[in-house]
Amino acid sequence: MPQMGVSVAEGTIVEWRKRVGDWIEADEPIVEISTDKVETEVPSPASGRVAEILVEPGATVDVGTLLARIDAEARPGVAHVDEGDAPSIESRPSIESRESSIEKSGNGHAPPISPVVRRMADEHGVDLSQVEGTGRRGRVTKKDLLAFLGDLDTRDSIPETAEPAPEPALHSESPYREETPQAAPASGEQLSVMRRQIGAHMVRSLQTAAHCTTVVEADMSRIEEARGRLSYLPFVARAAIAALREYPMLNATLEGDRLTVHEEVNLGIAVSLGEDGLIVPVVKNAHELSHEGLATRIKDLAARARSKKLTPDEVSGGTFTITNPGAFGALLATPIINQPQVAILDLEAVTKRPVVVNGDSIAIRPMTYLCMSWDHRALDGALAAQFLSAVRRHIEGWDG
């Protein structure tokens, strides 16, 4: 199990991309691994033939655990050797299910099933060969199984022994009676590996840090004039970096009783993965970038996060994090600190509101709330307020 970040001690095998006997090239993805920080593909360290897989999908193991062996002395082009002996007649799948698997996979082998889907199928007694997969190589996904279960619930709600209603006689009162349909029973759903690990990470943060939240309001008029087609995020990120230079105690990590104040600003940016949760890739040395450079780096990291192309190094080493739920219309929030950092800045929606300007005049301005959760073990309210005021000052005085 590779080291997936300095604070990550374990990982869960999601899916093997190769099976025993397959040939693999160096740097070709061999396994997909999930941690509380990232779900990513791990490349093969060498070219060769997969000789042994030691950890099954769904298993969680410590960093440093041996996952598989690759025979680097093997030669490409040699006929594939299947795992183990041929199955007994009793254990062989039916011709129909084997043909279905072959048709789905395109290479004679059924596509891999994630641990979540397999557990759900076992709980509901579903034969996955009967479920039409829409994933890669015909893989049955969680959505496929849920759709199948929904159809199954609908069919099961119709009594098998019900007799057809008699045909109504001409010029007579209809014998049909209106009945209230019974709702299909709700089916439970297992959390994904990433969802469980995000939950554990967030609970651990709440149990570790003394969370407090401070809020200031900022006028985004200058940013509105300057941003063009860019979002507000890179401008706020640039303002936050400038404020961190003034108040470096916010650019810190706290591990146990040891507080480390960092010179470099490695800026974490929370990226939503939709139903799969969220991830926080890190813009390394963000203090060296302009707002245009930040916009480019953030866009690239977000795209690769959603396509699971991030490397472990790109989700580790953060010193300060910004989350941006305002892009989805949120107005206020109390974000959870990304351990072991000491603060997280929350950018909320920019909305036009009437505000007092120039002492006694009222004007309509694009306003936002900057919400910051901070660790009271390392910081105090006065410092948090000073930092946020500095962020606001850089935003409202933006000069490009």
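Residues numbered from 1 in each chain as written. Predicted model: local features only at pLDDT ≥ 70, side-chain atom pairs only at ≥ 80, totals over all residues. Heavy atoms only, no water.

Novice: Just checking my understanding: could you explain the pairing of strand β16 (residues 343–347) for this structure?
Specialist: Strand residues, when the strand is regular, have side chains that alternate between the two faces of the sheet. The buried count for β16 comes to five of five residues, which makes it a mostly enclosed element. Judged by which residues are buried, β16 turns out to be covered on both faces: Ala-343, Leu-345 and Leu-347 on one side and Ile-344 and Asp-346 on the other are all buried. Here β16 pairs with strand β18 (residues 361–375) via five bridges, running antiparallel. Across the sheet, the residue bridging to Ile-344 is Ser-373, located in β18. (Buried < 20%, exposed > 50% of the residue type's maximum accessible area, 1.4 Å probe, protein only. Helix = DSSP H or I, 4+ residues; strand = E, 2+ residues; numbered from the N terminus. Pairing = 2+ DSSP bridges.)

Novice: What is the right way to look at helix α4 (residues 193–208) in this model?
Specialist: Under the 1.5 Å per step criterion, the end-to-end length of α4 is 22 Å for 16 residues, consistent within 8% with the ideal 22 Å. Restricting attention to buried positions, one finds in α4 the residues Val-193, Met-194, Gln-197, Ile-198, His-201 and Ser-205. For α4, the buried positions fall inside an angular range of 125° around the axis, keeping them on one side. (Expected span 1.5 Å × (residues − 1). Arc of directions from axis to C-beta.)

Novice: What should I look at first to understand the side chain of Glu-348 in this one?
Specialist: Take Glu-348: it is sitting in the loop between β16 and β17 (351–357). The buried charged residue Glu-348 lacks any salt bridge, with Arg-353 as its nearest oppositely charged partner at 9.5 Å. Here Leu-331 takes part through its backbone nitrogen, which lies 3.3 Å from a polar atom of the side chain of Glu-348. (Lys, Arg positive; Asp, Glu negative; His and termini not counted. Salt bridge = Lys/Arg side-chain N within 4 Å of Asp/Glu carboxyl O. Polar contact = N/O pair within 3.5 Å; in protein donor to acceptor, adjacent residues only side chain to side chain.)

Novice: Got a minute to help me understand the environment of Gly-274 in this structure?
Specialist: Locating Gly-274 in the fold gives a position in the loop between β12 (271–272) and β13 (278–279). Looking at Gly-274, the relative accessible area reads 53%, which means it is exposed. When the C-alpha positions of Gly-274 and Arg-306 are compared, they lie 9.0 Å apart, and in sequence the two are 32 residues distant.

Novice: What am I meant to see in the nonpolar core here?
Specialist: Soluble, globular proteins show a tendency: their nonpolar side chains are buried together. If you look at the biggest cluster of nonpolar residues, it comprises 52 residues, and the most contacted ones within it are Leu-267, Phe-320, Ile-322, Leu-345, Leu-370, Met-372 and Phe-387. Broken down by element, this core gets its largest block of residues, nine residues, from helix α6 (residues 233–246). Once residues lying within four places of it in the same chain are set aside, the contact partners of Leu-267 are Ala-237, Ile-241, Pro-281, Val-282, Val-283, Ala-286, Phe-320 and Ile-322. Formed by 12 residues, the second largest nonpolar core is a distinct cluster that contains Trp-16, Val-31, Val-42 and Leu-67. (Core = buried A, V, L, I, M, F, W, Y, C linked by side-chain atoms within 4.5 Å. Contact = heavy atoms within 4.5 Å.)

Novice: I'm lost on the packing of aromatic side chains in this one. Help?
Specialist: For any pair of aromatic rings, the description rests on two quantities: the centre-to-centre distance and the angle between the ring planes. Counted under the stated rule, the structure contains two aromatic pairs. With a centroid separation of 5.2 Å and an interplanar angle of 70°, the aromatic rings of Phe-235 and Trp-398 are classed as edge-to-face. Of this pair, Phe-235 sits in helix α6 while Trp-398 sits in the segment after α8 (381–396), and the two are 163 residues apart along the sequence. For Phe-235, a relative accessible area of 1% corresponds to the buried category. Its guanidinium or amino end placed over the ring of Tyr-232, Arg-227 lies 4.1 Å from that ring's centre, counting from NZ or CZ. (Phe/Tyr/Trp six-rings, centres within 6.5 Å; stacked < 30°, edge-to-face > 60°. Lys NZ or Arg CZ within 6 Å of the ring centre and 35° of its normal.)

Novice: Would you mind showing me how to read the pattern of salt bridges here?
Specialist: Between side chains of opposite charge, a pair can form as their charged atoms come close. Under the counting rule described, the total for this entry stands at 16 salt bridges. With a closest N to O distance of 3.0 Å, Glu-28 and Lys-18 form a salt bridge. Residue Glu-28 is located in the loop between β2 (23–24) and β3 (29–34), and its partner Lys-18 is located in the loop between β1 (10–16) and β2; the two are separated by 10 residues in the primary sequence. Two residues, Glu-246 and Arg-393, come together in a salt bridge whose shortest N-O distance is 2.8 Å. Here Glu-246 is found in helix α6, whereas its partner Arg-393 is found in helix α8, with 147 residues between them in sequence. Glu-246 gets classed as partly exposed once you look at its relative accessible area, which sits at 36%. What makes Arg-393 partly exposed here is its relative accessible area of 45%.

Novice: Even after reading the chapter, I still don't get the sheet that holds strand β4 (residues 39–43), so can you show me in this structure?
Specialist: Sheets are built from strands paired through backbone hydrogen bonds, the pairs being either parallel or antiparallel. Spatially, β4-β3-β1-β6 is the arrangement adopted by the four strands of the open sheet, whose pairing is antiparallel. Looking along the sheet, the strands with just one partner apiece sit at the ends: β4 and β6 (60–62). If you compare each strand with its neighbour and ignore which way they point, the axes differ by 40° on average. In the sheet, β1 pairs with β3 via four bridges, with the strands oriented antiparallel. Each bridged residue has a counterpart across the sheet, and for Thr-12 the counterpart in β3 is Ser-34. Here α4 sits on the sheet and contacts β1, β3 and β4; the angle it forms with β3, its principal contact strand, is near 40°. (Axes fitted to C-alpha atoms, helices over the stretch in contact; angles between N-to-C directions.)

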